[in-house]
Amino acid sequence: MLILEEDLALLERRDAVFSQALATFLTGFTQQLSLALDGLLNATAEYSKSNKSSADWLEQLSYLGVLALFESLLDPSKPDEMGALEDMAVGVDDLRHVSLRLKALPPGSCMGDCIPFSIEGSRQSLMVILSLDSDSFQKLPQKLQAGGSIKVHPVLVSHALRSLSSTDLESNQEKARGLQLSVNLEAVSALKQYYRKFRSFHLDKNKMPDASAAKVALLDKILKPLNALEELMRAVETSMKIHQDRVENVGFLGLCSEAGSRMGATLVISCLKGTDATAMSLTLEQVVLLTRCHGLPPKSFQTALSVMRSQGVRIHNNKKNTNVAKFIFTGALPPRLYLPPAAVLDSAVQSQQ
């Protein structure tokens, strides 16, 4: 087969984007895996504090695979960010060709701080092999110990933090809305597919005890988080319909993120620079989890959000990357939940308010 020079350039570009998607996903997934092996991963902590949640997540991996949820804050009304979103959509979708397998390190070997891995296969079928020490390997479900693979189910959701109608050119508005809409329609479809499998997995009759009283008690325990997730998935669909009606709806991101979290997804958040918008979304995600799973009073929600944005790793990350301990948003300001405290909002931006 003849490969033209321009085809080769596109292939290199696709490989570069895919490698970034794979690297960020693996970084998040290996952190989750380490927490689960230590019995510390619990996506439904508001319903149960049991360490069994970690074992359930590992079992879920062996039967359903892992949900890789990418949240994009790119603004497709800007030409460079539209191109980045188009590339990202392809790179994330290519993760469909990836599977994971876990193997035991030789006796006496230690993992260290990071889980070592190797990669086999081709673009059409890539296998990432993660190596665990023998103690950790023994904690895996039998199916994974026997060499079973973990399928990656990638989902990309996208919404700009500023209104797309704030761009000057109407043609840019239409292109931006069209791209954002098509990405999110695919995302909702993929989320629904995984949710149906997730629900069936947890309601599997083969897992139910024979005694009717024990069965009722177990069903009651299982159905509480599943029914909450059902309501959340309905809210995602409703939010998508609002989105289709050309109404700006950044809340769609939060709904998808929470649905993914409840299903044990690996979440990756990104914007063009990985600083300002990413910091706002990431801190919002952290405070939502603190409120939902760790008892943070709702009245302290905004205070916790402000503290996380004005102190600690996010503002230090900005200073390291831009030499300024400020968050900068050009053009229209983001919605209130994504707006940093005035003390760390660039003064030039504040003058627009």
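Conventions and cut-offs
- Residues numbered from 1 in each chain as written.
- Predicted model: local features only at pLDDT ≥ 70, side-chain atom pairs only at ≥ 80, totals over all residues.
- Heavy atoms only, no water.
- Helix = DSSP H or I, 4+ residues; strand = E, 2+ residues; numbered from the N terminus.
- Buried < 20%, exposed > 50% of the residue type's maximum accessible area, 1.4 Å probe, protein only.
- Contact = heavy atoms within 4.5 Å.
- Areas by Shrake-Rupley, 256 points an atom, 1.4 Å probe, with all protein chains shown as cover.
- Expected span 1.5 Å × (residues − 1).
- Axes fitted to C-alpha atoms, helices over the stretch in contact; angles between N-to-C directions.
- Parallel < 35°, antiparallel > 145°, perpendicular 65-115°, else oblique.
- Left-handed = near helix turned anticlockwise from the far one by under 90°.
- Nonpolar A, V, L, I, M, F, W, Y, C, P; charged D, E, K, R; others polar.
- Core = buried A, V, L, I, M, F, W, Y, C linked by side-chain atoms within 4.5 Å.
- Phe/Tyr/Trp six-rings, centres within 6.5 Å; stacked < 30°, edge-to-face > 60°.
- Lys NZ or Arg CZ within 6 Å of the ring centre and 35° of its normal.

A word on the overall build of the chain
Assigned secondary structure in the chain consists of 12 helices and six strands. Every one of the 353 residues in the chain was classed for burial, and the buried ones make up 45%. The long-range share in the chain, meaning contacts at least 24 apart out of those at least 6 apart in sequence, stands at 72%. When the accessible surface of the chain is totalled, it reaches about 18100 Å², and 55% of it is carbon and sulfur.

Brief notes about helix α2 (residues 52-64)
Between its first and last C-alpha, α2 extends 18 Å over 13 residues, near the 18 Å set by a 1.5 Å rise per residue. Within α2, burial applies to Ser53, Ser54, Trp57, Leu58, Gln60, Leu61, Ser62 and Leu64. Once α2 ends, the next one or two residues include glycine 65, with phi positive near 90°.

Remarks on the packing of helix α8 (residues 251-262) against helix α9 (residues 276-293)
Contact pair α8 / α9: the axes reach a minimum separation of 11 Å and the direction vectors enclose 55°. Comparing the axis directions of α8 and α9 gives the class oblique. Of the two possible hands of crossing, α8 and α9 adopt the one that is right-handed. Of the residues in α9, those touching α8 at Ser257, Glu258, Ser261 and Arg262 are Glu285, Leu289 and Arg292. Here the residues of the contact of α8 with α9 sort into one nonpolar, two polar and four charged.

Some points on the side chain of serine 62
Here serine 62 shows up in helix α2. Other than its neighbours up to four places away in sequence, serine 62 contacts Pro141, Lys143 and Leu144.

Quick notes on the packing of α9 against helix α10 (residues 301-310)
It is the contact of α9 with α10, at a shortest axis distance of 9 Å, that shows an interaxial angle of 140°. Judged by the inter-axis angle, α9 sits oblique to α10. The chirality of how α9 crosses α10 is right-handed. From α9, Met280, Thr283, Leu284, Gln286, Val287, Val288, Leu290 and Thr291 reach across to α10, where they touch Phe301, Ala304, Leu305, Met308 and Arg309.

Structural notes on the nonpolar core
The nonpolar side chains of a soluble globular protein tend to be buried, and buried together. One finds Val157, Leu229 and Met263 to be the most contacted residues of the largest nonpolar core, which totals 46 residues. Taken together, the elements giving at least two residues each to this core come down to β1 (66-72), β5 (150-158), α6 (170-202), α7 (212-244), α8, α9 and α10. Contact partners of methionine 263, with chain neighbours within four places excluded, come to Gln60, Leu67, Leu191, Tyr194, Tyr195, Phe198 and Leu229. In this structure, Leu85, Leu130, Leu144 and Ile150 belong to the second largest nonpolar core, which totals 42 residues.

A few points about the packing of aromatic side chains
Following the criterion strictly, the structure yields three aromatic pairs and no others. Measuring from centroid to centroid gives 5.9 Å for tyrosine 63 and phenylalanine 201, while their planes differ by 40°, and the two rings are tilted. Of this pair, tyrosine 63 sits in helix α2 while phenylalanine 201 sits in helix α6, and the two are 138 residues apart along the sequence. An aromatic cluster is present here, built from Phe25, Phe29 and Trp57 joined pairwise through their rings. Sitting above the plane of the tyrosine 63 ring, lysine 143 keeps its charged end 4.2 Å from the centroid.

Concerning the environment of alanine 279
Of note, alanine 279 is situated in helix α9. By relative accessible area, alanine 279 is classed as buried at 0%. Sequence spacing of alanine 279 and isoleucine 269 is 10 residues, and the spatial spacing of their C-alpha atoms is 9.0 Å. Setting aside residues no more than four positions away along its own chain, alanine 279 makes contact with Arg314 and Phe327.

All we've got here are geometric facts, nothing functional implied.
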